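Analysis of the macromolecular model
What follows is the residue order along each chain.
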Amino acid sequence: MSERERGTLELGEDGGFPLAGMDVVFRAPPAALVEAAVAGGEGMLTASGALAADTGRFTGRSPGDKFIVRNAASRDVAWGSVNQVMDQASFDRLLHDMVSHARTLRLHVQDLYAGADPRYRLKVRVITQHAWHALFARNLFIDQPTAASTDRGARNDESWTVVDLPSFEADPRRHGCKSSTVIALDFEKRLVLIGNTEYAGEMKKSIFSVLNLALPARGVFPMHCSANEPLSGDGGVALYFGLSGTGKTTLSSDSSRRLIGDDEHGWSDEGVFNFEGGCYAKVIHLSAEKEPEIHAASHRFGTLLENVVVDESKRTVLFSDDMKTENTRAAYPIGFVPHSSSTGMGGHPTDVLFLTADAFGVLPPISRLTVPQAMYHFLSGYTAKVAGTERGVTEPTATFSTCFGEPFMPLRPATYAEMLGERLRRHGARAWLVNTGWSGGPYGVGSRMSLPATRALVRAALDGRLDDAPMRQDPFFGLSYPTQAPGVPPELLDPRSTWSDPASYDATAAKLVEMFRDNFRAGFDGLPEEIRAAGPS
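Quick caveat: nothing in here was measured; it's all calculated off a predicted structure. (Residues numbered from 1 in each chain as written. Predicted model: local features only at pLDDT ≥ 70, side-chain atom pairs only at ≥ 80, totals over all residues. Heavy atoms only, no water.)

Turning to the nonpolar core, a few remarks are in order. Ranked by size, the top nonpolar core spans 107 residues in total, and within it I207, L239, F241, F354, F378, Y382 and F477 carry the most contacts. For Y382, the contacting residues outside a window of four places in its chain are L355, T356, D358, A359, F360, L363, A398, T399, F400, F404, L512 and F516. One finds V24, F67, L95 and V99 within the second-largest nonpolar core, a separate group that totals 27 residues. (Core = buried A, V, L, I, M, F, W, Y, C linked by side-chain atoms within 4.5 Å. Buried < 20%, exposed > 50% of the residue type's maximum accessible area, 1.4 Å probe, protein only. Contact = heavy atoms within 4.5 Å.)

As structure tokens, this is what we get:
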């Protein structure tokens, strides 16, 4: 009996989505998925061997179309504009209609894992309409547990199923959603249904949302961050929190350190573990000089490139062309990164870094945070959009995303902040705020922080070379920043001194302070006074 005929029953009879009698290809390897995608007109093989595919009209997630079923399993969800309610009857009709639609398609099924630590991992069955979506899932989730992790005692056998059918259009009146696009999670059925979007990232972020609800109850702090450690493996784990475009993947993919993971992790009583088995890097303006590890991984067979522009005559990728979107991506197995972790697990962090691309140009390049300040900035989740990135954005615009991942956090934000503060105190980890944005003026006037300078500051922080550096306190944000750092010009460290007009700096800094204060007043109730007092004054 062939693999396609017999399938696999690792997740039970059907994983919540009956496949009996359907046209299903089970657990096809990457080469077969690439072959199927090209044969089906889903993508193009590039000169380097990577597969290029487009995500259609959605070049990013659709958070307004994401819903959670209200039932006993989701009773702890903080309902609102982020965690929108779907009733059980609507979800059941959606499931029925998607099963009927799936019978008209050829489906690709992958049985995978989320979570490198077997004590906390989930089994995840991914059912997709597109072969390239199956390749994405295979790259981003964990294909098989490693031998090292298999021998670590207790395992979690909870199973979820993700069904991704881009050709299915939801009916808002029948399915309780807002549009023909839907992402619906049912925590009782352990089932995710995705329809009418080709953006593959919806699959991985749905399971991230699942983990963000399930793991805190088991004493694990789920985090939207990258992580790395010294090549020696002797402690020194660093976490990098940041929204898209702040350098989370770039700074963690450092050849001098071992990459644990680039986007999603858990912090348990035993240490840090990756939720994923691959990387999902932004590749707009990618170059071998600035990001050699990501550049090399993006030119390999098995890598999936999303929405990149390809010169069809040469089949070469034009990474600097943003004709389709700024959000071009590469999805590849973490093993494509040199010196990456083979287990996806590390010890307790010694350093936690919050990355912000401050387009106002007022934050220091690096600042040391107290625990209350770390909790404040974690809850704020600040970065800034620059002019021209979205229609109507003509000047820098502050963006606040709670916990650096608000769309994926089902619980009250304070729950995650309290877990962060407790772990920082228990393990004595240092906390830092790193500005990867602008210096010498706002966007359009100043210049972007140089990547070599940011790398030098981060390495100095992780190596402990900033512990005894002379510090100065910023008068607006109360941040302590070094006045000297190895390999970095001293004038770069004081943001006000980089502006040609100090009075203009003061006015811009005061403006950003008010944005922080307005955001905090509107979004958080019942927090300890020490956290509120840790913000800008």
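Together, V38, L45 and F301 give the surface a local cluster of nonpolar side chains, amounting to about 230 Å² of exposed area. As for its placement among the helices and strands, F301 is situated in the loop between α9 (292–297) and β18 (304–306). (Patch = residues over 30% accessible without salt bridge, like charges linked within 9 Å, V, L, I, M, F, W, Y side chains within 5 Å. Areas by Shrake-Rupley, 256 points an atom, 1.4 Å probe, with all protein chains shown as cover. Salt bridge = Lys/Arg side-chain N within 4 Å of Asp/Glu carboxyl O. Helix = DSSP H or I, 4+ residues; strand = E, 2+ residues; numbered from the N terminus.)

With that settled, the discussion passes to the pattern of salt bridges. As enumerated under the stated definition, the model contains 31 salt bridges in all. Here D117 ties to R119 by a salt bridge, and the two come within 2.8 Å at their closest N and O atoms. By relative accessible area, which is 17% here, R119 ends up buried. A salt bridge links D467 to R430; its shortest N-O distance comes to 2.9 Å. In this pair, D467 sits in the loop between α12 (451–462) and β30 (471–473) while R430 sits in strand β27 (residues 430–435), placing the two residues 37 residues apart along the sequence. Under the relative-accessibility criterion, D467 is labelled partly exposed at 37%. Each of the salt bridges in this network shares a partner with another, and the network as a whole consists of K204, K205, K248, D263, E264 and E276.

The final tally for this structure, using the stated rule, is 22 aromatic pairs. Relative to F516, the ring of F477 lies with its centre 5.6 Å away and its plane at 75 degrees, an arrangement referred to as edge-to-face. Note that F477 is positioned in the loop between β30 and β31 (480–482) and F516 in helix α14 (residues 502–523), a separation of 39 residues in sequence. Take F477: its relative accessible area is 1%, and that puts it in the buried class. Put simply, the rings of Y376, Y382, F400, F477, F516, F520 and F524 pair up and form one aromatic cluster. (Phe/Tyr/Trp six-rings, centres within 6.5 Å; stacked < 30°, edge-to-face > 60°.)

An ideal rise of 1.5 Å per residue puts 20 Å on 14 residues; helix α7 (residues 201–214) measures up with 20 Å between its terminal C-alpha atoms. Along α7, 13 of the 14 residues are buried, which leaves the element largely enclosed by surrounding structure. (Expected span 1.5 Å × (residues − 1).)

Positive phi is not limited to glycine here, since R315 has a value of about 60 degrees. Tracing the chain through its elements places R315 in the loop between β19 (309–311) and β20 (316–318). The class for R315 is partly exposed, based on a relative accessible area of 35%. Not every positive phi belongs to a glycine, and H339 is a case in point at roughly 65 degrees. Of note, H339 is situated in the loop between β21 (329–333) and β22 (345–346). The class of H339 is partly exposed, set by a relative accessible area of 46%.

The next subject is the sheet that holds β18. Pairing in this open sheet of five strands is mixed, and the strands run β2-β3-β18-β21-β17 from one edge to the other. Of all the strands in the sheet, just β2 (43–45) and β17 (278–282) have a single pairing partner and so form its edges. Within the sheet, the average angular offset between the axes of one strand and its neighbour, ignoring direction, is 20 degrees. As defined by bridge partners, β2 adjoins strand β3 (residues 51–53) across three bridges and the pair is classed as antiparallel. For M44, the partnering residue across the bridge sits in β3 and is A52. Helix α4 (residues 131–140) contacts β3, β17, β18 and β21 of the sheet and is inclined by roughly 115 degrees relative to β18. (Pairing = 2+ DSSP bridges. Axes fitted to C-alpha atoms, helices over the stretch in contact; angles between N-to-C directions.)

The next thing to look at is the sheet that holds strand β7 (residues 122–128). Sheet strands pair via backbone hydrogen bonds, and the direction of the pair is either parallel or antiparallel. Spatially, β1-β6-β7-β8-β10-β9-β4-β5 is the arrangement adopted by the eight strands of the open sheet, whose pairing is mixed. Every interior strand has two partners, whereas the edge strands, β1 (23–26) and β5 (84–86), have only one. Between one strand axis and the next, the sheet turns through 25 degrees on average, direction left out of account. Sheet topology note: the β1/strand β6 (residues 106–114) ladder contains four bridges and is parallel. Counted as the bridge partner of V25 is H108 from β6. Most of the contacts of α4 go to β6, to which it runs at about 5 degrees, and overall it touches β6, β7 and β8 (159–165).

Most of strand β13 (residues 237–242) is tucked away: six of the six residues are buried. Of the two faces of β13, the one holding V237, L239 and F241 and the one holding A238, Y240 and G242 are both buried throughout. Inspection of the sheet shows strand β12 (residues 225–230) paired to β13 by four bridges, in the antiparallel sense. What sits directly across from A227, in β13, is L239. Sheet topology note: the β13/strand β23 (residues 349–356) ladder contains six bridges and is parallel. The residue bridging L239 from the neighbouring strand is V352, located in β23.

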